[in-house]
Amino acid sequence: MTAANMFLDAAAEAGYYALFGRSSGPQIRGGEAAALVRLGVEPITSVDDTFDIMLAIDWQGVQRFAAELPLSKNSLVICDPSAGDVPEVYVKTGAKIVHLHMKDLAKEIPGGRPNMIALGAVAELIGIPVGPLTEVLGKSLKKKRADAYEASVAGVKAGAAAAATLGGSKRLAAAKAKDAKRWTVTGNYGAGLGAIRGGVRFCAAYPITPATEVLEYLASALPKVGGVFVQAEDELASINMCLGASYGGEASITSTAGPGLSLMTEGLGLAVASETPVVVVDVQRVGPSTGIATKCEQSDLNIAVYGLHGDAPHLVVAPNSVGDCIFTTQWGVYLAESLQTACLVMSDQALGQSRAIIDAPADVAFVGKRLAAVAPAEGEVFKRYANTASGISPMPIPGQPGCQYTSDGLEHTETGTPSSQSSDHTLQLDKRQRKLTNFDYGNHWATIEGEGDIAVITWGSCTGAAREAVERARADGVKAKLISLRLISPIRPQHMADALKGVKKILVVEQSHQGQFTRYLRGEYDLPAKPESLSRSGPLPMRPGEIHARLLSMGK
Amino acid sequence: MTSCESTATYTAKDFKSEVKPVWCPGCGDYAVLSSITKAFADLGLAPHQTSVVSGIGCSSRIPAYTNTYGIHSIHGRALAVGQGLKLGRPDLTVLVAGGDGDGFSIGGNHFLHACRRNVDITYIVMDNRVYGMTKGQPSPTTESDWDASAMAPPGGTGMTPFHPLAIALASGANFIARGFSGDPNGTAQIIAEAIKHPGFSFVAIMSPCITFREEQRDWKNTMRNVNIEPTTDPAQAARRLMTDDGFNCGILYRGDRPAYGKEKKATNAVSDLDREFTL
Ligand SMILES: Cc1ncc(C[n+]2csc(CCOP(=O)(O)OP(=O)(O)O)c2C)c(N)n1
Ligand code: SF4
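Note that this is a predicted model, so its numbers are computed, not measured.

Below, the discussion takes up the site of ligand 1. Near ligand 1 lie 17 residues; those nearest to it are C58(B), S59(B), G101(B), D102(B) and G132(B). Mapping the residues adjacent to ligand 1 onto the chains of the assembly identifies chains A and B. Contacts to ligand 1 include S59(B), whose side-chain N or O atom sits 2.7 Å from an oxygen atom. In the model, an oxygen atom of ligand 1 is placed 2.9 Å from a nitrogen or oxygen of the M133(B) main chain. Computed on the free molecule, ligand 1 has an accessible area of 590 Å², of which 77% lies beneath the protein chains in the complex. Class assignment of the residues belonging to the shell around ligand 1 gives a composition of six nonpolar, eight polar and three charged.

This is the structure we're talking about:
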């Protein structure tokens, strides 16, 4: 992983875009792990169908990754003969196999390590010059350990020299020179940054894979901007601490994954009923129960949309690329604060734990702001839950004289007094629904690309693969349009109708065994045609080829 | 304790709301409400600078009856809500209140961790050794042989009652006291001391449920004010609490652990954070 991170940095230095996902076994530390990297001269938002190069330092447990490391006969496998025979699953792919004596070459260098030989070799094969590599090594090692730096540079050079004689080069198109306006970010850190950009100053959370990095980021970044981070005793405490802080006027966030989201649903109901803003980033993993904690699926959709008890309108949004985790989380904070309700940001493992080289994100102006309250005139009572036309009621911040009220999860009157009358219940339900339905979400509700009489509707991390499939299909003469929903709930019927004008066939792409997204779309939207569903479980990422093949058969 | 900027002085009445309590006539919780509002007034606090946070139960209805920034949250989560509020807004006086079922059963885990964490809030539990709101089931503090409930097996639950004060001590609580709703003035004094004490302070207030545990009317004869000097020695406090019969009122322990939470101070602009991601 260290070498892969350095490789990515060097590629960025050389001007390439990249997407780097990781896959590991169930071990806590060490053990078998694979670094999956894709490079290009344009931004990359998807994995590819197969890998061009597989470099194996050893074969420990590597068979387990066979499905995640698809190879073809055009692929190149580089391995150390001292590691033993190439496992049958990889031989069967027909890939070209070449030997590189990584261990021996490393031994010739004092302090040399095989992973540096590997790093130099791969870089050479795809055409990343030694310059950016040594630059990166310098940044991470030079100051701390001069001897390690020397050994690493020697290793990289030896690896590159050895690879030059291997044949089978997989050179990339030349990249533009390094652009100062590029970022390197993971989806989880991006979500944390987006939260702070949106105004979040409080986070209470409980660790859970694959959401923990959101918390790690916030734990270190929040105090710098005057915010507070607390490690709570569980998810019940997390969400409720957030509600307390939010009631006090601090925009608040927590992050979790499926099992934690289940524990939070009662608290989310309180946020809805008491109209207290709160944001939860759910980094989806494979479920049900503890499922597969380190891998991706999009199967928390049902609980996100329908998991709350009672009629509980709330916001559900979803980022559709690693970089978009920044924007969508920021937007989620803005929406939650503006609408005084809960907003779920449905990220997923493939977005959250992948590292990407992206164009610097725009600094957008979405900062959460609540509708401020004014103290009532002498003798009048303050109506915290006033039935306004927009459905949004002014919200005081404790400390403001004259606006004392009790925030309540019990149904209440406009003043907040508990009430069991049907008229109060209907009035408040209407109000809480109306504020969400009538809000202007602008064109952020979806990412829409291309034109055609087929529409591919998708969400989350499937978006990248769908985009690439649509592009490939276009080259084959099949015209399709990509619609990736960012605002999952509430629905936008008119916007969707506009986006689907002229569309004759629909393909819904998602990573869920039950087709949760397909069902959701069919249940909530008037679609012009019965959609075809390309829906399968995780943990293997959706590949462009699968979608491309479906588009070709639909285009016939 | 939070300093009060306002020069106006408020009376206990200013801390009461217009909302009429749903409590049964004779419920001990009325007196607890009076003790809380009296303590706020005695401390010179202002309604807009105080907050009363609760969970769910008869006793947890209390925020609506106060004229403060109240939160009536969900069953068992009041301490989490209250700690979040205080950490987000250290300038407010935050009082968390509720019942024994709310605090020690569904909310038991939060109770342990609130004692450990030591956020500067005051937690009041109106202990009636029963679930009032759901009509008379045994709670964690119910005597093991109490079986006058549709949900308790004949002969009682057979479970050892929870000892909230001893558990609070073992979990690291910094201020431990017991009050009795039949002595509202004494209880108001204890609450005021608890609010003034830095860090987490825990006050169990014996508050009879005359509807489901009529025999608790007799508490006025059994509860006693011990008037002892609060110890700062946890070992002595432990002895005191382990030999306690549940009827001793007063401040039983005062620790000196510093309160949790750092001062909130921005050292960077939000745009500074971008640097970590730029190549
Ligand atoms: C999650 C959840 N479970 C159960 C309930 C039902 N419930 C409401 S109050 C209560 C017990 C209250 O007892 P206690 O905290 O002792 O308060 P009291 O009514 O005696 O003052 C229960 C079980 C609930 N509201 N929420
Ligand atoms: S049921 Fe008991 S605790 Fe509830 S209001 Fe009546 S007397 Fe008080």
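Here we take up the UniProt feature "domain: Thiamine pyrophosphate enzyme TPP-binding" (unreviewed entry) in chain B. Feature annotation in UniProt places "domain: Thiamine pyrophosphate enzyme TPP-binding" (unreviewed entry) on residues 56-204 of chain B, given in this structure's numbering. Taken as a whole, residues 56-204 of chain B contains 33% helix and 17% strand, while its terminal C-alpha atoms sit 17 Å from one another.

Right, let's talk about the sheet that holds strand β11 (residues 315-317) of chain A for a bit. By way of backbone hydrogen bonds, the strands of a sheet pair with one another, either parallel or antiparallel. Residue and element names in this part refer to chain A. Ordered by their spatial adjacency, seven strands build an open sheet running β8-β7-β9-β10-β12-β11-β18, and the pairing between neighbours is mixed. The sheet terminates laterally at β8 (228-231) and β18 (487-489), the two strands that pair on one side only. The average undirected angle you get between the axes of adjacent strands in this sheet is 20°. In terms of strand pairing, strand β10 (residues 278-284) meets strand β12 (residues 342-348) through seven bridges, oriented parallel. Residue V279 lies in a different strand from β12, and its bridge partner there is C343.

Strand order in the open sheet formed by nine strands is β14(A)-β2(B)-β1(B)-β3(B)-β4(B)-β6(B)-β5(B)-β8(B)-β7(B), and the pairing between neighbours is mixed. Two strands lie at the open edges of the sheet, namely β14 (406-408) of chain A together with β7 (224-225) of chain B, each paired on one side alone. Both strand β1 (residues 50-54) of chain B and strand β3 (residues 93-99) of chain B contribute to a ladder of five bridges, which runs parallel. In the sheet register, V52(B) faces β3(B), and the bridge partner there is L95(B). Lying on the sheet, helix α1 (residues 29-42) of chain B is in contact with β1, β3, β4 (122-127) and β6 (201-206) of chain B; it crosses β4(B) at an angle near 160°.

With that settled, the discussion passes to the site of ligand 2. The immediate surroundings of ligand 2 are formed by W23(B), C24(B), C27(B), C58(B), N128(B), C209(B), I210(B), T211(B) and F212(B). Each residue belonging to the shell around ligand 2 can be placed in one class, and the counts come to seven nonpolar, two polar and no charged.

A separate point is the interface of chain A and chain B. Facing the 54 residues of chain A at the interface are 44 residues of chain B. Of the roughly 4,200 Å² buried where chain A meets chain B, counting both sides, 63% is carbon and sulfur surface. Among the residues of chain A in contact with chain B, K224(A), E233(A) and Q404(A) are the three that bury the most area, contributing 15% of the side total. There are three salt bridges connecting chain A and chain B. We note a salt bridge from R117(B) to E233(A), for which the minimum N-O separation is 2.7 Å. Within the residue set of the side of chain A that touches chain B, elements represented by two or more residues are β6 (182-186), α7 (187-197), α8 (212-224), β8, α9 (235-247), α10 (258-274) and β14 of chain A.

Our focus in this paragraph is the domain arrangement of chain A. Interface size is often expressed as the accessible area that is lost when the parts come together. Residues and elements named next belong to chain A. Partitioning chain A into domains gives domain 1 (1-164), domain 2 (186-357), domain 3 (371-439) and domain 4 (446-555). Placing a centre on the C-alpha atoms of domain 1 and another on those of domain 2 gives a separation of 34 Å. Counting residues at the interface gives 15 residues for domain 1 and 10 residues for domain 2. For the pairing of domain 1 and domain 2, the buried interface totals around 960 Å² over both sides, and the portion due to carbon and sulfur atoms is 49%. In this structure, the connection of domain 1 to domain 2 is made through two salt bridges. With a shortest N-O distance of 2.4 Å, R355 and D9 are connected by a salt bridge. Counting across the domain 1 and domain 2 interface gives five residue pairs in polar contact (both at pLDDT 80 or more). Those elements giving two or more residues to the side of domain 1 that touches domain 2 turn out to be α1 (2-13) and β1 (17-24). Take the side of domain 1 that touches domain 2: its biggest share by element is eight residues, from β1.

What counts, and at which threshold
Residues numbered from 1 in each chain as written. Chains lettered and ligands numbered in written order. Predicted model: local features only at pLDDT ≥ 70, side-chain atom pairs only at ≥ 80, totals over all residues. Heavy atoms only, no water. Near = heavy atom within 4 Å. Polar contact = N/O pair within 3.5 Å; in protein donor to acceptor, adjacent residues only side chain to side chain. Areas by Shrake-Rupley, 256 points an atom, 1.4 Å probe, with all protein chains shown as cover. Nonpolar A, V, L, I, M, F, W, Y, C, P; charged D, E, K, R; others polar. UniProt positions renumbered as here; feature names shortened; annotations may be inferred. Helix = DSSP H or I, 4+ residues; strand = E, 2+ residues; numbered from the N terminus. Pairing = 2+ DSSP bridges. Axes fitted to C-alpha atoms, helices over the stretch in contact; angles between N-to-C directions. Contact = heavy atoms within 4.5 Å. Buried area = accessible area lost by both parts, 1.4 Å probe. Salt bridge = Lys/Arg side-chain N within 4 Å of Asp/Glu carboxyl O. Domains from an automatic or database assignment.

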